[in-house]
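Inside the fold
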Amino acid sequence: MSPAALLRGLKPEWLRDPRVWRTEVLAGLVVALALIPEAISFSIIAGVDPAVGLFASFTMAVTVAIVGGRRAMISAATGAVALVIAPLNREHGLGYLVAAVILAGVFQVVLGALGVAKLMRFIPRSVMVGFVNSLAILIFMAQVPEMRNVPWAVYPLIAAGLALMVFFPRITTVVPAPLVSILVLTVITVAAGIAVPTVGDKGALPSSLPVPGLPDVPFTTDTLTTIAPYAFAMALVGLMESLMTAKLVDDITDTHSNKTRESVGQGIANIVTGFFGGMGGCAMIGQTMINVKVSGARTRLSTFLAGAFLMVLCIVFGPVVSDIPMAALVAVMVMVSFATFDWHSVAPKTLRRMPAGEITVMVVTVAVVVATHNLAIGVVVGSLTAMVVFARRVAHLAEVTAVVDPDRTTVVYRVTGELFFASSNDLVGQFDYAGDPEKVVVDLSAAHIWDASSVAALDAIETKYAQRGKSVEITGLNEPSAHLHDRLSGELTAGH
């Protein structure tokens, strides 16, 4: 291969093909336009100035474009992160929030390096569905205060915004419907002089690029113990949402992403965002779909430009953004919540077909998240519930059948199924110790031993027969089961 050909091969795809470059630039611009209203809305959910959310979206997108593991995925300020850190900001102020963002980034880097991405496969689908549905509910609930004790004109504006977002995509999808809704409602309120709450009432927008600095908090153990629970929750929520989004993009583009690199990259991006005074963030499912599915982007350039264009639009058009009515943003977030909710999961047809255990796991996940306003707690409780449901289901699959030889000298017990702590507890009671002949064979060729509880149960069976002068032979163990049984048998009771 010639040096020129080798050099061309090392160039990114968007530098080799002008058509790809055009697609990536336009995709980045569209995403930036769509990011502005959502970043402001999430800032309000977190209880911070719009600039904090906009800075976070800028630094998250630019940093993840460089260090992330999934090309073309958009990371920015998100509702999930805003909901987690809002109580900390409310109780202790912005300095503690920023410190928590930095610590959350450190947690994510550590978790990513430890391979936490591999644990995602243990989160059941019912927990995932509950996670998405509870996120949608919390986003909607966060809009309710903006609809209380407000001028009457707010309500028709919200309705008009929702109508625009429903019907405008039928005309064209080139421009995001939320952006069109915000522009139209802003023009109406400004031109007609309608007095309603605006973004400017929430705080000043940035007029310059963010500058790095340390969070304004005392560097003490008290501060660390205050921010650590929120930081860890944010790290878990951010990683879960980012890894779920990365998996979705993998499926859409038929390409593979490096989930470990993405986990570490999310952490680095949050550390950078914290030092620039942002509220942190993670991958955004909605904006990623605009970038990948609608705009056709496939490279890191679109992600980088989404953040860069966002800051340019804010600095140049800041006064215009300040006039956006809050009703427009409420409409956007209501639409986001409805679009996020998995309506198919609660359809009567689906509920009739789903196992009761799966429905229980989903409902528990949603209930815990809504009650605690903490997505991470809900996912943990939902996963634990799923484990219990699974254990109960599998425990009933272990069966014992007995066959006595015609000469009545031997009985063969055939055990089928998975033997672990839940199923092995009932195993001991399924043998006729008094009535069986002198020789007993326990055939485990159709079973598998998973834990020490099962070995202890087999030891108890042998002991009970031995007390009656009867011999027990255990046969048919597969290699892993035999290894575990040989290692633990006789060592699990007192006196050994």
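The residue numbers shown here count from 1 along each chain, following its written sequence. At least 70 in pLDDT is required for a residue's local features to be given in this predicted model, at least 80 for side-chain atom pairs to be given and counted, and no such filter applies to totals for whole chains, interfaces and linings, which use all residues. Side-chain metrics rest on all non-hydrogen atoms present in the structure, leaving aside hydrogens and water.

**So, the pairing of strand β3 (residues 399-404)**
Look at any regular strand and the pattern is simple: side chains alternate between the two faces of the sheet. Direction of pairing for β3 relative to strand β4 (residues 410-419): antiparallel, over a ladder of six bridges. Counterpart to Ala402 in the pairing with β4 is Tyr413. Pairing between two strands requires that DSSP report at least two bridges joining them. Numbering goes from the N terminus for both helices and strands, where a helix is a DSSP run of H or I of at least four residues and a strand is a run of E of at least two. Counting the residues between successive antiparallel strands, the hairpin from β3 to β4 contains five residues, one of them, Arg408, with a positive phi of roughly 65 degrees.

**Let's talk about a nonpolar patch on the surface**
Two distance rules govern patches: like charges are joined within 9 Å, and nonpolar side chains (Val, Leu, Ile, Met, Phe, Trp, Tyr) within 5 Å, applied only to residues with over 30% relative accessible area and no salt bridge. Surface accessibility in these figures is a Shrake-Rupley result with a 1.4 Å probe; residues are shielded only by whichever protein chains are displayed. Each reported salt bridge corresponds to a side-chain nitrogen of Lys or Arg within 4 Å of a carboxyl oxygen of Asp or Glu. The grouping of Phe140, Met141, Phe338, Trp343, Val346 and Leu351 at the surface amounts to a nonpolar patch, some 520 Å² of accessible area in total. Tracing the chain through its elements places Val346 in the loop between α15 (326-340) and α16 (348-353). Only protein chains enter the accessibility calculation, which uses a 1.4 Å probe. A residue is then buried if its area is under 20% of the maximum for its type, exposed if over 50%, and partly exposed in between. What makes Val346 partly exposed here is its relative accessible area of 36%.

**Quick look at helix α10 (residues 221-253)**
With 33 residues, α10 ought to run about 48 Å at 1.5 Å a step, and its terminal C-alpha atoms sit 46 Å apart, in line with that. Asp254 lies just past α10 and shows a positive phi near 55 degrees. Here, expected helix span is obtained from the residue count minus one, scaled by 1.5 Å.

**Some words on the sheet that holds strand β6 (residues 471-475)**
Strand order in the open sheet made by the four strands is β3-β4-β5-β6, with mixed pairing throughout. The two strands at the open ends of the sheet, each matched to only one other strand, are β3 and β6. In this sheet, adjacent strand axes meet at a mean angle of 20 degrees when their direction is disregarded. Summarising the sheet, β4 and strand β5 (residues 439-449) pair through nine bridges and their orientation is parallel. Directly across from Val412, in β5, lies its bridge partner Val441. Two residues form a contact once any of their heavy atoms are found within 4.5 Å. Only C-alpha atoms enter the line fits that serve as axes; for helices the fit covers just the stretch in contact. Angles between N-to-C directions range over 0 to 180 degrees. Along the sheet face, helix α20 (residues 452-466) touches β4, β5 and β6 and points at about 175 degrees away from the line of β5. Relative to β5, helix α21 (residues 479-488) is tilted by about 120 degrees, and along the sheet it contacts β5 and β6.

**Digging into the packing of aromatic side chains**
Stacked, edge-to-face and tilted are the three classes for Phe, Tyr and Trp ring pairs, Trp counted by its six-membered ring, which pair at centre distances within 6.5 Å; planes under 30 degrees apart are stacked, over 60 edge-to-face, the rest tilted. Scanning all chains against the criterion turns up nine aromatic pairs. On the numbers, 6.3 Å between centres and 80 degrees between planes, the contact of Phe140 with Phe338 is edge-to-face. Of this pair, Phe140 sits in helix α7 (residues 125-143) while Phe338 sits in helix α15, placing them 198 residues apart in sequence. Owing to a relative accessible area of 34%, Phe140 belongs among the partly exposed residues under this scheme. With centroids separated by 4.8 Å and ring planes inclined at 55 degrees, the aromatic side chains of Tyr433 and Tyr465 adopt a geometry described as tilted.

**A short note on the packing of helix α3 (residues 18-46) against helix α13 (residues 300-316)**
In the contact formed by α3 and α13, the axes pass within 7 Å of each other and the chain directions differ by 45 degrees. Comparing the axis directions of α3 and α13 gives the class oblique. Helix-helix and strand crossings are classified by hand; for α3 and α13 the assignment is right-handed. Together, Trp21, Glu24, Val25, Ala27, Gly28, Leu29, Val31, Ala32, Leu33, Leu35 and Ile36 of α3 and Leu301, Ser302, Leu305, Ala306, Phe309, Leu310 and Leu313 of α13 make up the contact between the two elements. In terms of residue class, the contact of α3 with α13 is built from 15 nonpolar, two polar and one charged. Between 65 and 115 degrees an angle is taken as roughly perpendicular, under 35 as roughly parallel, over 145 as roughly antiparallel, and anywhere else as oblique. In this scheme, a crossing is called left-handed if the near helix is turned counterclockwise away from the far one by less than a right angle; it is called right-handed if the turn is clockwise. Note on residue categories: nonpolar means Ala, Val, Leu, Ile, Met, Phe, Trp, Tyr, Cys or Pro, charged means Asp, Glu, Lys or Arg, and polar means any other residue, Gly included.

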